[in-house]
Amino acid sequence: MGKNGGVRPAAGPAAQAEALRRALDAAEVVVVGAGAGLSTSAGFTYGGARFKRYFSDFEAEYGFHDMYAGGFYPYDAPETYWAYWSRYIYCNRYMEPPRPVYADLLALVRDKDYFVLTTNVDHCFQKAGFDKARLFYTQGDYGLFQCSGPCCSETFENEAAVREMLRQQAGMRIPSSLLPVCPHCGRPLTMNLRADDRFVEDAGWRRAAARYAHFLRTRKGRRTLFLELGVGYNTPGIVKYPFWQMAYENPEAVYACVNRGQAGAPREIADRSICIDGDIGETLQKLKPQDPARFVFS
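Residues numbered from 1 in each chain as written. Predicted model: local features only at pLDDT ≥ 70, side-chain atom pairs only at ≥ 80, totals over all residues. Heavy atoms only, no water.

### A look at the sheet that holds strand S8 (residues 224–229)
So, point 1. If you walk across this open sheet you meet the 6 strands as S4-S3-S2-S8-S9-S11, and the pairing is parallel. Each edge of the open sheet is held by one strand with a lone partner, namely strand S4 (135–137) and strand S11 (273–276). If you compare each strand with its neighbour and ignore which way they point, the axes differ by 10° on average.
So, point 2. On top of the sheet, helix H1 (residues 13–26) reaches strand S2 (29–34), S8, strand S9 (254–258) and S11; it is set at about 135° to S11, its chief contact. (Pairing = 2+ DSSP bridges. Helix = DSSP H or I, 4+ residues; strand = E, 2+ residues; numbered from the N terminus. Axes fitted to C-alpha atoms, helices over the stretch in contact; angles between N-to-C directions. Contact = heavy atoms within 4.5 Å.)

So, in structure tokens, the structure goes:
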């Protein structure tokens, strides 16, 4: 049994992967819902060796052991806060993920009528080549600052500032002259991440929300694959629950979920659900068409 009365189909991983391949081939429309598990599969891990490689000095000084914990640490000076966050942003926004999971996903949906809804804020979809007009980042973007007030519904690109903070930081501090401030009111800038009611939904966010709503509205009743990848239960009301509801309301829809340890579906759509408990990257590799040139006949 899964959460909220969900069920886990009895079929094994191989059969489920084949069912997903058939559903993808048959779909006229693909709606991808992506959560943190997708980037984890791509190698954007927040602990372990990757954390130690970039944050061992912070770990030794402050005693936390993963990037998430470091993001919430109450640093005693903004210069230290931004020394940490500039590294964090660079590692998870401007670096390339170690594994080509996003590129593999694009290869599967590129020729489909697709749209992506994601709670991820690491820009991996665009870095992999997904069409920006088919993406809706609901929770913000590591690449954007906003006023901490906020005094305006505006966001600010941060790449140049982040790279300068990296270049000039020493002893886990940046120069005070690099502290980011709002150009309108002078308040400190902060990350454009949905953490409370001060999150700025700027013009770009609103345009993406409108495009997503239009996409769903104009594809109602078509053969649709709702493909959920790496979405857990931290914010299920953004991707998971709406996908269940839309699949239920459309008899032509299939719901698919790939997520290690949390792959399930409600009873009401169990007969039109494909739930794969496993690694997303490995699953996507199984779905890729075979290249005949790879076969050698003797």
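Now that the structure is up, let's keep going.
### Examining the environment of alanine 15
So, point 1. Assignment of secondary structure puts alanine 15 in helix H1.
So, point 2. In this structure alanine 15 comes out as partly exposed when scored by relative accessible area, which is 43%.
So, point 3. C-alpha separation for the pair alanine 15 and serine 177, spaced 162 residues apart in sequence, amounts to 58 Å. (Buried < 20%, exposed > 50% of the residue type's maximum accessible area, 1.4 Å probe, protein only.)

### A closer look at the sheet that holds strand S6 (residues 155–157)
So, point 1. Overall, antiparallel pairing links the 3 strands, which are arranged S6-S5-S7 in an open sheet. The sheet terminates laterally at S6 and strand S7 (189–193), the two strands that pair on one side only. On average, adjacent strands in this sheet sit at an angle of 50° to one another, irrespective of strand direction.
So, point 2. Relative to S7, strand S5 (residues 140–147) is paired through 5 bridges, and the arrangement is antiparallel. Bridged to glutamine 146 within S7 is threonine 190.

### Quick look at the pattern of salt bridges
So, point 1. A complete count under the given rule lists 16 salt bridges for this structure.
So, point 2. Of the charged contacts, one joins arginine 173 and glutamate 79 as a salt bridge, the two residues approaching to 3.6 Å between their closest N and O atoms. Here glutamate 79 lies in helix H5 (residues 78–94) and arginine 173 lies in the loop between helix H8 (159–168) and S7, a separation of 94 residues in the sequence.
So, point 3. The buried category is assigned to glutamate 79, whose relative accessible area is 9%.
So, point 4. Between arginine 219 and aspartate 113 there is a salt bridge, and its shortest N-O distance comes to 2.9 Å. With a gap of 106 residues between them, arginine 219 in the loop between helix H9 (203–218) and S8 and aspartate 113 in strand S3 (residues 113–118) connect regions that are remote in the sequence. With respect to burial, arginine 219 and aspartate 113 carry one shared label: buried.
So, point 5. Among the charged side chains, a salt-bridge network with shared partners connects Asp113, Asp131, Arg134, Arg219 and Arg222. (Salt bridge = Lys/Arg side-chain N within 4 Å of Asp/Glu carboxyl O.)

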